[in-house]
Amino acid sequence: KDKNLRIQTIADSLGVNYIVEGSVRKSGDGLRITAQLIRAKDDFHVWSNTYDRQAKDILDLQKEIASKIAESLDISLDAKAWEEMGWAGTRNPEAFLAFLKARELDDQAHSNSSYINLEKLKQANTFYQQSSLLDPSFMNPYIFHADFYLHYVLHDDATYRDTLTERQAAALFMEDLESAITRSREPAQADFFRIPKTMYSNDWT
């Protein structure tokens, strides 16, 4: 914000290959939103569009823009992709894409058989949090988000340092499990998540 930086510089700092750039202008209750997807390596404009909408339609517009960008990146939201989102427990494309980014970082955190990379898990958690904000009813982000706190309490990454106390991490782990339980789509699913909650609660009290 308030800086004149090259697209490639921004992309390098974020560790991404594409940048979404846009602007919003408001007139009364009307909005004009311009969005464009730029490939960082050559500044190629992959996709762009302008939307004239009412402010009350902003949530639907967010989904529409996310879908267009996903299609442009060949993350095509076809019938199969929508089915996968439904199976995962969300119909929000932005929430699903944030969840997929988190899972990628999560897999990297667990890629070394000798230890868990808590720094990577913490990075993944920023995307799990984003996914949860975009779709508060989406259960899966809470389950994976809890994993960071469990490994933290169990000291599974001896190199990691943070300001959390073990008691705080344990409380956050329980909070995530409870959030997943309340968002479970069927009783058996909720019961499954109560098992670790009960098990570790006995250990930590």
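Owing to the predicted nature of the structure, the values given are computational and were not obtained by experimental measurement.

Trainee: What's the story with the packing of helix α6 (residues 140–153) against helix α7 (residues 166–182) in this structure? I'm lost.
Mentor: Helices that pack against each other are described as a pair by the angle of their axes relative to one another and the distance between those axes. Running from N to C, α6 and α7 cross one another at 160 degrees; their axes reach a closest spacing of 8 Å. It follows from the interaxial angle that α6 and α7 lie roughly antiparallel. Where α6 crosses over α7, the two elements pack in a sense that is left-handed. Across the interface between the two elements, Y142, I143, H145, A146, Y149, L150, Y152 and V153 of α6 pack against E166, A169, A170, L172, F173, D176, L177, S179 and A180 of α7. Here the residues of the contact of α6 with α7 are counted per class, giving 13 nonpolar, 2 polar and 2 charged.

Trainee: Explanation requested: the environment of E186 in the structure shown.
Mentor: By secondary structure assignment, the location of E186 is in the loop between α7 and α8 (187–204). Along the primary structure E186 and N117 are separated by 69 residues, whereas in three dimensions their C-alpha atoms are 33 Å apart.

Trainee: I keep staring at the side chain of D157 and nothing clicks. Help me out?
Mentor: Here D157 lies in the loop between α6 and α7. At 6.9 Å, R161 is the nearest oppositely charged side chain to D157, a buried residue that forms no salt bridge. Not counting the four nearest positions on each side in its chain, D157 is found in contact with Y115, I116, N117, L118 and E119.

Trainee: I tried to follow the nonpolar core on my own but got confused; where do I start?
Mentor: Ranked by size, the top nonpolar core spans 17 residues in total, and within it L118, L121, F148, Y152 and F173 carry the most contacts. At the level of secondary structure, the elements contributing two or more residues to this core comprise α5 (118–134), α6 and α7. If one sorts the elements of this core by residue count, α6 sits on top with 6 residues. In terms of nonpolar packing, the next biggest core, distinct from the first, is built from 10 residues, M85, A88, F96 and F138 among them.

Trainee: How should I be thinking about helix α4 (residues 93–109) in this particular structure?
Mentor: Side chains that are three or four residues apart share a direction in an α-helix, a result of its 3.6 residues per turn. Here α4 contains 17 residues, and its C-alpha end-to-end distance of 24 Å stays within 8% of the 24 Å for a straight helix at 1.5 Å per residue. Along α4, the positions that sit buried rather than exposed are P93, A95, F96, A98, F99, A102, L105, D106 and A109.

Trainee: Would you mind showing me how to read the sheet that holds strand β1 (residues 18–27) here?
Mentor: The strands that make up a sheet pair up through hydrogen bonds in the backbone, lying either parallel or antiparallel. What the 3 strands build is an open sheet, ordered β1-β2-β3; its pairing is antiparallel. Both edges of this open sheet fall to β1 and β3 (44–54), since each of them pairs with a single strand only. This sheet shows a mean twist of 10 degrees between the axes of neighbouring strands, independent of strand direction. Where β1 and strand β2 (residues 30–39) come together, 10 bridges link them in antiparallel fashion.

Trainee: Looking at this structure, I do not really get the packing of aromatic side chains. What am I missing?
Mentor: Two descriptors summarise a pair of aromatic rings, namely the distance from one centre to the other and the angle between the planes of the rings. The final tally for this structure, using the stated rule, is 9 aromatic pairs. Where F148 meets Y160, the ring centres are 5.9 Å apart and the plane angle is 85 degrees; that geometry is what we call edge-to-face. Placement of F148 in helix α6 and of Y160 in the loop between α6 and α7 is noted, with a sequence separation of 12 residues between them. Here the two residues F148 and Y160 agree in accessibility, since each one is buried. When the ring of F192 is compared with that of F193, the centres are 5.7 Å apart and the planes differ by 70 degrees; the resulting orientation is edge-to-face. These aromatic residues form a ring-pair network of at least three members: F99, Y128, F138 and F144.

Trainee: How should the pattern of salt bridges be read in this particular structure?
Mentor: Side chains carrying opposite charge are able to pair once their charged atoms draw close together. Applying the stated criterion across every chain, the model contains 6 salt bridges. A salt bridge links D107 to R103; its shortest N-O distance comes to 3.6 Å. One end of the pair is D107 and the other is R103, both in helix α4 and 4 residues apart, which spans about a single turn. With a relative accessible area of 46%, D107 lands in the partly exposed category. When the shortest N-O distance is used, the salt bridge between D162 and K122 registers 2.7 Å. Highlighted residues: D162 in the loop between α6 and α7 and K122 in helix α5, separated in sequence by 40 residues. The class for K122 is partly exposed, based on a relative accessible area of 37%. One network of salt bridges, in which partners are shared, links R103, D106 and D107.

Parameters and conventions
Residues numbered from 1 in each chain as written. Predicted model: local features only at pLDDT ≥ 70, side-chain atom pairs only at ≥ 80, totals over all residues. Heavy atoms only, no water. Axes fitted to C-alpha atoms, helices over the stretch in contact; angles between N-to-C directions. Helix = DSSP H or I, 4+ residues; strand = E, 2+ residues; numbered from the N terminus. Parallel < 35°, antiparallel > 145°, perpendicular 65-115°, else oblique. Left-handed = near helix turned anticlockwise from the far one by under 90°. Contact = heavy atoms within 4.5 Å. Nonpolar A, V, L, I, M, F, W, Y, C, P; charged D, E, K, R; others polar. Buried < 20%, exposed > 50% of the residue type's maximum accessible area, 1.4 Å probe, protein only. Lys, Arg positive; Asp, Glu negative; His and termini not counted. Salt bridge = Lys/Arg side-chain N within 4 Å of Asp/Glu carboxyl O. Core = buried A, V, L, I, M, F, W, Y, C linked by side-chain atoms within 4.5 Å. Expected span 1.5 Å × (residues − 1). Pairing = 2+ DSSP bridges. Phe/Tyr/Trp six-rings, centres within 6.5 Å; stacked < 30°, edge-to-face > 60°.

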